[in-house]
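Chains, contacts and geometry: an overview
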Amino acid sequence: MTPEIQSQKSRALCQLAPVIPVLVVADAAKAEGLATALVAGGLPVLEVTLRTPAALDVIREMARVPGGHVGAGTVLTPEDVKRARDAGASFAVSPGATERLVRACEEAELPLLPGAVTASEVMRAMEWGYSMLKFFPAEAAGGAKSLKSLAGPLPQVSFCPTGGVTPANAPDYLSLPNVICVGGSWISPDADVAAGNWSAIEARAREARALK
């Protein structure tokens, strides 16, 4: 799979909903209920970060939920790519981009959403064939104003900003011509996940689905 095709597949996933839930899940027993609630609420694309020992098991469980597209976040190395693919991830997300990572995803045929925040980083990703990128850390890097400034010289690139995105500022990002969706962790608070409060998470997902 060429980087161009990878990027097209990532773009297609990003177009499915305005928000991609960014999930840090410590207990795989909660995975199915959480994924079911998010998908039922209209958010079918889920990013499970590889930040907990249970992350790969969480991906395996969530990948079984009908209607969902489960990816691995915080993918940093070729080894991460292989582990994510073997666990059933259908895409990968990285905070940045290196040639080793790009090539590993290409070889594994795992669509990648690579991170970029400066014009030089975006241009390098473009040279590798990517036109759909993650903008991270969004708020720390200047927020919607910074991202808007990239649309002028680099209009052919689209973004999914993550990092400090909230229900309050998400519309600022989503109104930009170079933003397709945002990534956020507010939809599934740890307390609700721990309590199995799936109805609250589904309701929050529905609210996120309605963002524009």
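Computed from a predicted structure; not experimentally measured.

**Points about the nonpolar core**
In this structure, Ile59 and Met62 are the most contacted members of the largest nonpolar core, which totals 64 residues. Sort the elements by how many residues they give to this core and helix 2 (residues 31-40) lands first, with 6 residues. Look past the residues within four positions of Ile59 in its chain and what remains in contact with it is Val48, Leu50, Val70, Gly71, Ala72, Ala87, Gly88 and Ala89.

**Examining the sheet that holds strand 1 (residues 19-23)**
One open sheet accounts for 6 strands, arranged 5-4-3-2-1-8; its pairing is parallel. Either end of the sheet is taken by a strand with one partner, and the two such strands are strand 5 (112-113) and strand 8 (182-184). The pairing of strand 1 with strand 8 spans 3 bridges and is classified as parallel. Within the sheet, the bridge partner assigned to Ile20 lies in strand 8 and is Gly183.

**Thoughts on helix 7 (residues 143-151)**
Considered for burial, the residues of helix 7 that qualify are Gly143, Ala144, Leu147, Leu150 and Ala151. Along the axis of helix 7, the buried positions cluster into a sector of 115°, meaning they face one direction only. Away from its buried face by more than 90 degrees, helix 7 exposes Lys145 and Lys148.

**Side note on the side chain of Ser10**
With respect to the secondary-structure elements, Ser10 resides in helix 1 (residues 3-14). Under the relative-accessibility criterion, Ser10 is labelled buried at 5%. With near-sequence residues (within four places) excluded, Ser10 lies in contact with Pro111, Leu112, Leu113 and Met132.

What counts, and where the lines are drawn
Along every chain, residues carry numbers that run from 1 in the direction the sequence is written. Totals for whole chains, interfaces and linings use every residue, but because this is a predicted model, local features are given only for residues with pLDDT of at least 70 and side-chain atom pairs only at 80 or more, for both listing and counting. By convention in this description, side-chain values take in all heavy atoms of the structure and omit both hydrogens and water. In this text, buried Ala, Val, Leu, Ile, Met, Phe, Trp, Tyr and Cys residues form a nonpolar core when linked through side-chain atoms within 4.5 Å. Buried residues are those whose accessible area, probed at 1.4 Å on protein chains only, stays under 20% of the maximum for their type, while exposed residues exceed 50% and partly exposed ones sit between those limits. Secondary structure follows DSSP: runs of H or I at least 4 residues long count as helices, runs of E at least 2 residues long count as strands, and numbering of each begins at the N terminus. Only heavy atoms matter for contacts: two residues are in contact if any of them lie within 4.5 Å across the pair. DSSP bridges decide pairing: two strands pair if at least two such bridges lie between them. An arc is given here, and it is the one of the directions from the helix axis to the C-beta atoms.

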